[in-house]
Amino acid sequence: MARPRIVVIGAGFAGLSALRRLEQRIPRGAAEIVLIAPNDYMLYQPLLPQVASGLLTPQSIAVSLHRVLYRTRIVPGAAIGVDVDTRTVVVRRISGDLVYERYDRLILAPGSNTRVFDIPGLIEHGRGNKNLAEAVYLRDHVLAQLELANASGDLQERVERCTFVVVGGGYTGVETAASLKLLCEEACKRYPHLRAYLSWHLIDIAPRLMPELGHNLGQSAMELLRERGVKVTLEVSVKEVSENKVTFTDETVLPCRTLIWTAGTSPSPLNAGLGLETDRGKLVVGPDLATPQRPEIFAVGDGAAIPDLSKEESGALCPPTAQHASRQGPVAADNAIASLLGRPKRSYYHRDLGLLVDLSGRDAVARPLGYEVTGAAALALTRAYHLYALPSGPARVRVATNWMIRALLGGEVARLGFLNLRIDTLLDSEESQQYLTPEDAHERALVAVGREH
């Protein structure tokens, strides 16, 4: 008899915690465990803003799967489809070819994508901060704007490059604005005359920042941002984006060359291709995390509409937070095993422990177990929680060391060069073709000199 195969899609908080529970509970050789994920690391997303600001190195929050998984076969690629009738996952590997993975039980934890709207120019000119590549690129981009502004004699260009807009008043938006504003303050020590032009804006369509924190802490976070010089505007969104300006829905126009979009997420498009019931793109599951139509398929994390049994109101769903995802994974794993053995499954239940927001520097706001905390105590609590929640010892050491280095030696504001060259080929043909012949250089110089006179 063939061994049962349990396939997990996604290696985020939910997927990784499910895999670790499967390895703990399944005896060696009793079943095959397969992971489908494009990267061989789990990204600790809550600290991405600190990577964007340079406070943490990218490796610090990329938890190697090979350090924490020992019996899981990893298929490096993205699941692009699932045939529920033949129980087969279609995978596009990172090499570009297609492979097919059969499953007896499937745990879906593909995460989410950046949510965008039909706003002219947004996709072409907006920047994101949802993965490591975006975070590292964003840091280089922000520093490049300051360098270019410093080198420019055009006042309008200087204003455009020194104006930054962050869209989204949730955790990512608030932490990104706070972290990158501090990065700019450090960089401006080199260019003190740019401080007069430096302008950071945080906007959101909602009437409050981070409403999950409650009125008092949301207000405290807004006041801290404003004390740092971040202009917070609520109940406003983006109407149009171009290369050098942003137009808001209240018709305000800002000269700006950097718009950072953090206005929420949308469930993975994989969900729509399963033919199962969805709720605003999320797979509908029962309290046991199984889909009603296909009980061999379990869904967890951002892409699942999971009943929140800790709340009394009917129809309440679990919020898409790391706290819930990391606890849903083990329940899905236990229930997948139970269904294979014909045993009863258990319901997912978790009472929210609170929320933590690290504003970098020496500021944070927190609401653990319903108690509101600000200042140094909130910062200590927030960072202690992150160290606890990181799923590997080496990652904890790297993060703690980075924080210590920053506290003792200050930050670095050197760009890493991601804006300069193409790195997907051996040689950057555009870079090598940009050089002029002596005749071309002479001709262009004459034109420039003529303009000056």
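Provided above is the structure to which this section pertains.
Novice: What exactly am I supposed to notice about the packing of aromatic side chains here?
Specialist: Two numbers describe a pair of aromatic rings. These are the distance of the centres and the angle of the planes. All chains considered together, the criterion is met by four aromatic pairs. A ring pair is formed by F164 and W200, whose centres lie 4.6 Å apart and whose planes are at 15°; its orientation type is stacked. Taken together, the positions of F164 in strand β11 (residues 163-167) and W200 in strand β12 (residues 199-204) put the pair 36 residues apart, joining distant regions of the chain. F164 sits in the buried class, given a relative accessible area of 0%. In this structure W200 comes out as buried when scored by relative accessible area, which is 0%. One cation-aromatic arrangement involves R383 over W403; the distance from NZ or CZ to the ring centre is 4.7 Å.

Novice: Can you walk me through the pattern of salt bridges in this structure?
Specialist: Proximity of charged atoms lets side chains of opposite charge pair with each other. Considering all chains together, one arrives at 24 salt bridges under this definition. A salt bridge links R257 to E160; its shortest N-O distance comes to 2.9 Å. Of this pair, R257 sits in the loop between β16 (253-255) and β17 (258-261) while E160 sits in helix α6 (residues 155-161), and the two are 97 residues apart along the sequence. Look at R257 and you get partly exposed, because its relative accessible area is 22%. Across the pair D279 and R280 runs a salt bridge, and its minimum N-O distance is 3.5 Å. One connected set of salt bridges, linked through shared partners, spans R5, E32, R73 and E101.

Novice: Mind showing me how you'd approach helix α7 (residues 171-187) here?
Specialist: Since there are 3.6 residues in each turn of an α-helix, residues three or four apart along the chain are aligned in direction. Taking 1.5 Å per residue as the helical rise, α7 with its 17 residues ought to reach 24 Å, and the 24 Å between its terminal C-alpha atoms agrees with that figure. Of all 17 residues in α7, 13 are buried, a share of seventy percent or more.

Novice: Even after reading the chapter, I still don't get empty space enclosed by the protein, so can you show me in this structure?
Specialist: Leftover empty space is mapped by rolling, across the atoms, a probe with the size of a water molecule. In total, this model carries one cavity of 30 Å³ or more according to the counting rule given. Approximately 40 Å³ is the volume attributed to the largest cavity. Along the walls of the largest cavity sit K282, G301, D302, A304, I306, C318, P319, P320, T321, H324, A325 and Q328, which together make up its complete lining. By residue number, the principal contributor to the lining of the largest cavity is helix α9 (residues 322-341), which donates three residues.

Novice: Can you walk me through the sheet that holds strand β19 (residues 278-279) in this structure?
Specialist: Across a sheet, paired strands are connected by hydrogen bonds in the backbone, their directions being either parallel or antiparallel. Taken in spatial order, the three strands make up an open sheet running β19-β20-β22, and their pairing is mixed. Among the strands making up the open sheet, the edge pair consists of β19 and β22 (304-305). The sheet contact formed by β19 and strand β20 (residues 282-284) spans two bridges and is antiparallel. Looking across to β20, one finds that T278 is bridged to L283.

Novice: When you look at the sheet that holds strand β1 (residues 5-9) in this model, what are you seeing that I'm missing?
Specialist: Spatial ordering of the open sheet is given by β7-β6-β5-β2-β1-β8-β21, a layout of seven strands whose pairing is mixed. A strand with exactly one partner marks an edge of an open sheet, and here the two such strands are β7 (98-102) and β21 (297-299). Strand-to-strand twist in this sheet, taken as the mean axis angle between neighbours without regard to direction, amounts to 35°. Taken together, the three bridges between strand β8 (residues 105-108) and β21 define a ladder with parallel strand orientation. Considered in β21, the bridge of L108 is made with A299. Set on the sheet, helix α1 (residues 13-25) makes contact with β1, β2 (32-37), β5 (72-83) and β8; between it and β2 the angle comes to about 165°. Across the sheet, α9 touches β1, β8 and β21, and the angle it forms with β8 is around 165°.

Novice: Could you clarify how one ought to interpret the pairing of β1 in this entry?
Specialist: The two faces of a sheet get side chains in turn, since along a regular strand they alternate between them. For β1, a buried count of five out of five residues is recorded, marking the element as mostly surrounded by other parts of the structure. The alternating pattern of β1 places R5, V7 and I9 and I6 and V8 on opposite faces, both of which are buried. As paired elements, β1 and β2 share five bridges and run parallel to each other. By the bridge assignment for β2, V8 is matched with L35. The parallel pair β1 and β2 is bridged by α1, and the resulting crossover is right-handed. Sheet topology note: the β1/β8 ladder contains four bridges and is parallel.

About the cut-offs
- Residues numbered from 1 in each chain as written.
- Predicted model: local features only at pLDDT ≥ 70, side-chain atom pairs only at ≥ 80, totals over all residues.
- Heavy atoms only, no water.
- Phe/Tyr/Trp six-rings, centres within 6.5 Å; stacked < 30°, edge-to-face > 60°.
- Helix = DSSP H or I, 4+ residues; strand = E, 2+ residues; numbered from the N terminus.
- Buried < 20%, exposed > 50% of the residue type's maximum accessible area, 1.4 Å probe, protein only.
- Lys NZ or Arg CZ within 6 Å of the ring centre and 35° of its normal.
- Salt bridge = Lys/Arg side-chain N within 4 Å of Asp/Glu carboxyl O.
- Expected span 1.5 Å × (residues − 1).
- 1 Å grid on protein atoms, 1.4 Å probe; cavity = no way out; pocket = protein on both sides within 12 Å on 5 of 7 lines; lining within 4 Å.
- Points joined across faces, edges and corners; volume = space filled by probe spheres on them.
- Pairing = 2+ DSSP bridges.
- Axes fitted to C-alpha atoms, helices over the stretch in contact; angles between N-to-C directions.
- Contact = heavy atoms within 4.5 Å.
- Right-handed = clockwise from strand over helix to strand, strands pointing away.

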